[in-house]
Protein chains: 2
Amino acid sequence: MANVLVVDDDPKLLNMLRRTLLYEGFHVFAATNGNEALSEVQAHRPDVIVLDWMMPGKDGIAVMQHLRDANDKALVLMLTAKDAVENRVEGLESGADDYLVKPFAPAELVARIHALLRRPGVELKDEPLAYADLSLDPVTRETRRGERTFELTSKEFDLLRYLMRHPRQVLRREQILEEVWGYDFGGDDNVLEVYIGYLRKKTEAAGEPRMIQTMRGVGYVVREE
Amino acid sequence: MANVLVVDDDPKLLNMLRRTLLYEGFHVFAATNGNEALSEVQAHRPDVIVLDWMMPGKDGIAVMQHLRDANDKALVLMLTAKDAVENRVEGLESGADDYLVKPFAPAELVARIHALLRRPGVELKDEPLAYADLSLDPVTRETRRGERTFELTSKEFDLLRYLMRHPRQVLRREQILEEVWGYDFGGDDNVLEVYIGYLRKKTEAAGEPRMIQTMRGVGYVVREE
DNA sequence: GAAATGGTTGAGAATTCGCTGAGCGATTCC
DNA sequence: GGAATCGCTCAGCGAATTCTCAACCATTTC
């Protein structure tokens, strides 16, 4: 299911939207301001961004322009308090894909998101991933190191896919746990380490150099050394 | 494999596209202008039409409108030289299913075509399906493994047909249930497993190697191992 | 250089997942 | 009407997977 990022400075509304979308089966992330939004985009690569127009600091337009400059393909659904035509025009010109005027019914939002995802050309992100001689195809679930293919279990696959979606980017432990395991509690749990171990064993089975590097005290990265 | 018609007035580009798509295993037809395109459509009933926007005489839009008037269900992928927003909008409104801006990488075109074909509701014409020594003819309902033919019940047939329409592609359990049984609830139901069992029994009755592989925690694939 | 912190590893327990055989009701065929 | 076929449910087994735990390294801090 699609990843959706919701951005609004009103925590109440934000929480309501989050729950609605979660209930609909989306993978939901949230942010309360523009900068937070951009870092969430970095971290989770959402397919759809529900973006409030008016926010203190970096507003919706600014966030969107930033995204378009970075050539991010996420679909943007703008939320605006007033129905002013000039806003609408300005918004669409700056690259929003759809519009919703507050107040709106949650069901309306859900319908609009589904409509966006149904648009031609919209593909949930499952393109083959590759970095150096490591590659992974989400469609066939084939994983290979150079010429050698290897098998992964489902958790291992999810983890490697997440890592490879962000090559050369250091991912924090909590970030990975949140994304792959869906939780985040600070418990003394070492599942992640164990699974990194599994992946290394399989990706280096023929004596290849290490691709999953440890960033002590922080997390892990996929990177050639 | 799908029939693809490529239409472009530049013979060089046309030839390049033809080869790329042939190499990908598509059945390819070509036309250099609008009228030729329409007669190719008549002759070969393509599943996908790659259509240049700008052509002397009958241009892409005209061809497409003609098709839509004739209620042709072919998927149309428009090629356009400029990224102009108004073009994009006009094109989508007149019924194109996807867009590609020139210049593009051949791999991009291939990916887009695959994406179109993967859309829900898109069904290739009833061509015989084959993968390795497994084959299935939707018209005669004949199924065979090498020289040996075998019988399937109607549900079994539907399931195998669906699997074989997406060879090497891992299909998730829910996807299969949705497509073949028409439902999707998360109930603890094991019809699918049972039917996979039936299919395996029949496709491997003479001791042939397994063709329907289990992807634990995900679903199934038709693939040689 | 000892202690503390953080990461790696192996063993195995707990859990989940998929496969199979038995069987039940509905429909079709004889 | 009885037999065969079909689509399906269910329970139990076995195996793959996920996770926990504890011992063991490695690096940093004091």
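This text goes with the structure placed above it.
The present account deals with the structure reproduced in this document.

Cut-offs and rules
- Residues numbered from 1 in each chain as written.
- Chains lettered and ligands numbered in written order.
- Predicted model: local features only at pLDDT ≥ 70, side-chain atom pairs only at ≥ 80, totals over all residues.
- Heavy atoms only, no water.
- Helix = DSSP H or I, 4+ residues; strand = E, 2+ residues; numbered from the N terminus.
- Buried < 20%, exposed > 50% of the residue type's maximum accessible area, 1.4 Å probe, protein only.
- Contact = heavy atoms within 4.5 Å.
- Pairing = 2+ DSSP bridges.
- Axes fitted to C-alpha atoms, helices over the stretch in contact; angles between N-to-C directions.
- Near = heavy atom within 4 Å.
- Polar contact = N/O pair within 3.5 Å; in protein donor to acceptor, adjacent residues only side chain to side chain.
- Phe/Tyr/Trp six-rings, centres within 6.5 Å; stacked < 30°, edge-to-face > 60°.
- Arc of directions from axis to C-beta.

## A word on the overall build of chain A
Across its full length, chain A holds eight helices and 12 strands. Residues classed as buried in chain A amount to 46% of the 225 residues present. Here the contacts in chain A between residues at least 6 apart in sequence split such that 56% fall between residues at least 24 apart.

## Some points on the sheet that holds strand S7 (residues 134-137) of chain A
All names here are of chain A. A sheet is described by the order of its strands in space; here four strands give the open sequence S6-S7-S8-S9, paired in antiparallel fashion. For this open sheet the edge positions go to strand S6 (129-131) and strand S9 (148-150), each flanked by a neighbour on one side alone. On average, adjacent strands in this sheet sit at an angle of 20° to one another, irrespective of strand direction. Relative to strand S8 (residues 142-145), S7 is paired through four bridges, and the arrangement is antiparallel. By the bridge assignment for S8, Leu134 is matched with Arg145.

## Describing unusual backbone geometry
All names here are of chain A. One non-glycine residue, Ala132, lies in positive phi territory at about 50°. Here Ala132 lies in the loop between S6 and S7. Take Ala132: its relative accessible area is 44%, and that puts it in the partly exposed class. With phi around 60°, Arg141 is a residue other than glycine that occupies positive phi space. With respect to the helices and strands, the residue Arg141 is situated in the loop between S7 and S8. On the accessibility criterion, Arg141 (15% relative accessible area) is buried.

## Focus: the protein's contact with DNA strand C
Near DNA strand C lie 21 residues; those nearest to it are Arg200(A), Thr214(A), Arg200(B), Arg216(B) and Tyr220(B). Among all atoms of DNA strand C positioned within 4 Å of the protein, those belonging to sugar or phosphate total 71%. Within the side chain of Asn190(A), one N or O atom sits 2.9 Å away from a base oxygen of DNA strand C. In the environment of DNA strand C, a phosphate oxygen lies 2.5 Å from a nitrogen or oxygen atom belonging to the side chain of Tyr220(B). Mapped by element, the contributors of at least two residues to the surface near DNA strand C are helix H8 (191-203) and strand S11 (212-215) of chain A together with helix H8 (191-203) of chain B.

## Some remarks on the protein's contact with DNA strand D
With respect to spatial proximity, 22 residues lie near DNA strand D, and among them Thr153(A), Tyr198(A), Thr153(B), Trp181(B) and Tyr198(B) are the closest. When the atoms of DNA strand D within 4 Å of the protein are grouped by moiety, sugar and phosphate amount to 62% of the total. The separation between a phosphate oxygen of DNA strand D and a polar side-chain atom of Thr153(A) is 2.4 Å. Interatomic distance of 3.3 Å between a side-chain N/O atom of Asp189(B) and a phosphate oxygen of DNA strand D. Residue assignment for the surface near DNA strand D shows that the elements contributing at least two residues are helix H6 (154-165) and H8 of chain A together with helix H6 (154-164) and H8 of chain B.

## Section: the side chain of Thr140(A)
By secondary structure assignment, the location of Thr140(A) is in the loop between S7 and S8. Apart from residues no more than four positions distant in its own chain, Thr140(A) is found in contact with Arg168(B), Val170(B) and Arg223(B).

## What about the environment of Arg112(A)?
Residues and elements named next belong to chain A. Examined against the element boundaries, Arg112 turns out to sit in helix H5 (residues 106-118). Along the chain, Arg112 and Leu77 lie 35 residues apart, while their C-alpha atoms are 8.2 Å from each other. For Arg112, the residues in contact, after removing those within four places along its chain, are Leu77, Asp98, Tyr99 and Leu100.

## Notes on the packing of aromatic side chains
Residues and elements named next belong to chain A. Scanning the entire structure with this criterion turns up four aromatic pairs over all chains. For the pair Tyr195 and Tyr198, a centre-to-centre distance of 5.0 Å together with 70° between the ring planes defines the contact as edge-to-face. Of this pair, Tyr195 and Tyr198 both sit in helix H8, three residues apart, roughly one helical turn. Tyr195 sits in the buried class, given a relative accessible area of 19%. Take Tyr198: its relative accessible area is 36%, and that puts it in the partly exposed class.

## Details of the sheet that holds strand S5 (residues 98-101) of chain A
Each strand in a sheet pairs with its neighbour through backbone hydrogen bonds, running either in the same direction (parallel) or in the opposite one (antiparallel). All names here are of chain A. Taken in spatial order, the five strands line up as S2-S1-S3-S4-S5 in an open sheet, and their pairing is parallel. Two strands in the sheet have a free side with no partner beyond their single neighbour: strand S2 (27-31) and S5. Ignoring strand direction, the axes of neighbouring strands in this sheet form an average angle of 20°. Two strands pair when backbone bridges link them, and strand S1 (residues 3-7) and S2 are joined in this way by five bridges, in the parallel orientation. The residue of S2 that forms the bridge with Leu5 is Phe29. Contacts between helix H3 (residues 60-69) and the sheet are confined to strand S3 (48-52) and strand S4 (75-80), with S4 contributing the most and set at about 170° to the helix.

## Examining helix H7 (residues 173-181) of chain B
Residue and element names in this part refer to chain B. Listed as buried for H7 are Ile176, Leu177, Val180 and Trp181. Angular distribution of buried residues about the axis of H7 spans 100°; they occupy a single face of the element. Looking at the buried side of H7, the elements it contacts are H6, strand S10 (171-172), H8 and strand S12 (219-222).

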